[in-house]
Amino acid sequence: MSETTYPSSAAGLGEAGRTLALGVSQIFLQESWLAGVLMVAGLALYSVPLAAMTVLGTLIATIAARLVALSVAHGLQGYCGALVGAAAWTSFGSPWPAVLATLVGAAACPAVTQAFAGVFARFPRAGGPLPVLTAPFCVVSGLIALLVRAVLPSAAAPSEVPSGNPAVQLVEAVLTGVGQVVFAQSWLSGLVILAGLFVAGWRVGLAGLVGSLLGTLTGWAAGATPAELSVGLAGYSPCLTAIALAGVFLRPGRTAWLLGCVGAVATVGVQQLLSLTPIPVYTWPFIVATWLMLLIADGARA
């Protein structure tokens, strides 16, 4: 028996696990396996099946990318698949339809990602091509949602508005907004995921917190009640927008924070507009607002 078999196998499994954790962390534009582990743990606190489907989506997308000779370094081929898995479980709530949708949808994500990257490469900008962000996930999961809606139409059940202390509900809304990025309607999950963001970097964690806060406050100013906001849907896309602008793509400084805050508020407006269309919203508000603010930043530098 070779003495090197087990260490090499363990090393391979460890590298595979690290790649999957990076894929989850890249949902929030971060390259941190520890942050990815904390994010999965936060998801599991809300729903173990949701966490499992997220990991499965990451795995399928990563394997699909490897099969067509794409690099899986840094987790950049896994995060859209992770979101496809999370969306599938949230949409179906039943194992086999969710698994099937994840297998098909996550496997398609690398090809869709390459298509977006190819299009953006044709339109150069000073800071490089526009980032793909979570657009492949939105396209893939949006098509799945529209197909299911056409084949299996169902009336949406009215959601219950929780009762409680308005101040507490606003705090819950901010934390739940972080969790809702990965479909976890839980302030505790959001808190654990936020901890993962601070592990990735203080600037990233602060940007995520500020983005969700601004999204929540903007929704409140627009007339939503603290009870309605407590489910976190006003904060998740602004959370990502602020991270992208203040913590990732722009040079650190006051301008990055200003554009990050403006972008977070603008994201709420984009979300309201998209909610009037039949298109599944998902993270399109974050994508559109971030692209817009990056183009504005280019114009300011010109």
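On a predicted model such as this, the values are computed, not experimentally measured, just so you know. (Residues numbered from 1 in each chain as written. Predicted model: local features only at pLDDT ≥ 70, side-chain atom pairs only at ≥ 80, totals over all residues. Heavy atoms only, no water.)

### Considerations on the overall build of the protein chain
Okay, step 1: Regarding its fold elements, the protein chain presents 13 helices and zero strands.
Okay, step 2: Each helix and strand of the protein chain, ordered N terminal to C terminal, gives the series α-α-α-α-α-α-α-α-α-α-α-α-α.
Okay, step 3: Each principal axis of the C-alpha atoms in the protein chain carries an extent, and together these give about 70 × 50 × 35 Å.
Okay, step 4: Evaluated residue by residue, the protein chain yields a buried proportion of 49% over its 302 residues. (Helix = DSSP H or I, 4+ residues; strand = E, 2+ residues; numbered from the N terminus. Buried < 20%, exposed > 50% of the residue type's maximum accessible area, 1.4 Å probe, protein only.)

### Section: a nonpolar patch on the surface
Okay, step 1: There is a patch of nonpolar side chains on the surface, built from Trp33, Leu34, Val37 and Val199 and spanning about 350 Å² of accessible area.
Okay, step 2: Note on leucine 34: relative accessible area 38%, which makes it partly exposed. (Patch = residues over 30% accessible without salt bridge, like charges linked within 9 Å, V, L, I, M, F, W, Y side chains within 5 Å. Areas by Shrake-Rupley, 256 points an atom, 1.4 Å probe, with all protein chains shown as cover. Salt bridge = Lys/Arg side-chain N within 4 Å of Asp/Glu carboxyl O.)

### A few points about the confidence of the model for the protein chain
Okay, step 1: Looking at the protein chain, the pLDDT average stands at 91 and 91% of residues meet or exceed 70.
Okay, step 2: Ignoring residues within four places in sequence, the model shows residues 1–7, a span with pLDDT below 50, making one contact including any to other chains. (pLDDT = per-residue confidence, 0-100. Contact = heavy atoms within 4.5 Å.)

### Some words on the nonpolar core
Okay, step 1: Core analysis: the biggest nonpolar cluster contains 67 residues, and Ile27, Phe28, Phe137, Leu197, Ile243, Ile287 and Trp291 have the highest contact counts within it.
Okay, step 2: It is helix α4 (residues 79–92) that provides the largest number of residues to this core, a total of nine residues.
Okay, step 3: In contact with leucine 197, not counting residues within four places along its chain, are Phe28, Gln30, Met39, Val178, Val204, Gly205 and Ile243. (Core = buried A, V, L, I, M, F, W, Y, C linked by side-chain atoms within 4.5 Å.)

### Re the packing of α4 against helix α6 (residues 135–151)
The geometry of a pair of packed helices is captured by two quantities: the angle between their axes and the separation between those axes.
Okay, step 1: Interhelical geometry of α4 versus α6 gives an angle of 25° and a closest axis separation of 9 Å. The pairing of α4 with α6 is recorded here as roughly parallel in orientation. Considering the relative orientation of α4 and α6, their crossing is right-handed. Between α4, through Cys80, Leu83, Val84, Ala87 and Phe92, and α6, the contact on the second element is made entirely by Pro136, Phe137, Val140, Ser141 and Val148. (Axes fitted to C-alpha atoms, helices over the stretch in contact; angles between N-to-C directions. Parallel < 35°, antiparallel > 145°, perpendicular 65-115°, else oblique. Left-handed = near helix turned anticlockwise from the far one by under 90°.)

### Some words on the packing of aromatic side chains
Okay, step 1: Counted according to the given criterion, the structure contains five aromatic pairs.
Okay, step 2: Ring geometry for phenylalanine 120 and tryptophan 291: centres 5.2 Å apart, planes at 85°, overall edge-to-face. Placement of the pair is phenylalanine 120 in helix α5 (residues 95–121) and tryptophan 291 in helix α13 (residues 284–301), with a sequence separation of 171 residues. You'll find phenylalanine 120 and tryptophan 291 in the same group, each marked buried.
Okay, step 3: Aromatic pair phenylalanine 137 and phenylalanine 183: ring centres 6.4 Å apart, planes at 80°, arrangement edge-to-face. One end of the pair, phenylalanine 137, is in helix α6; the other, phenylalanine 183, is in the loop between α7 (166–180) and α8 (187–200), with 46 residues separating them in the sequence.
Okay, step 4: What links up through ring pairs into an aromatic cluster is the set Phe116, Phe120 and Trp291. (Phe/Tyr/Trp six-rings, centres within 6.5 Å; stacked < 30°, edge-to-face > 60°.)

### What about the state of the cysteines?
Okay, step 1: The tally for this structure, following the rule as stated, stands at zero disulfides.
Okay, step 2: Cysteine cysteine 109 shares no disulfide, and the gap to the nearest cysteine sulfur, in cysteine 80, comes to 5.3 Å. (Disulfide = S-S within 2.5 Å.)

### Section: the side chain of threonine 176
Okay, step 1: Structurally, threonine 176 can be placed in helix α7.
Okay, step 2: In this structure threonine 176 comes out as buried when scored by relative accessible area, which is 3%.
Okay, step 3: A polar atom in the side chain of threonine 176 sits 2.6 Å from the backbone oxygen of glutamate 172.
Okay, step 4: At a separation of 3.3 Å, a polar atom in the side chain of threonine 176 contacts the main-chain amide nitrogen of tryptophan 187.
Okay, step 5: Setting aside chain neighbours within four positions, we find threonine 176 in contact with Ala184, Gln185, Ser186, Trp187, Ser230, Val231 and Gly232. (Polar contact = N/O pair within 3.5 Å; in protein donor to acceptor, adjacent residues only side chain to side chain.)

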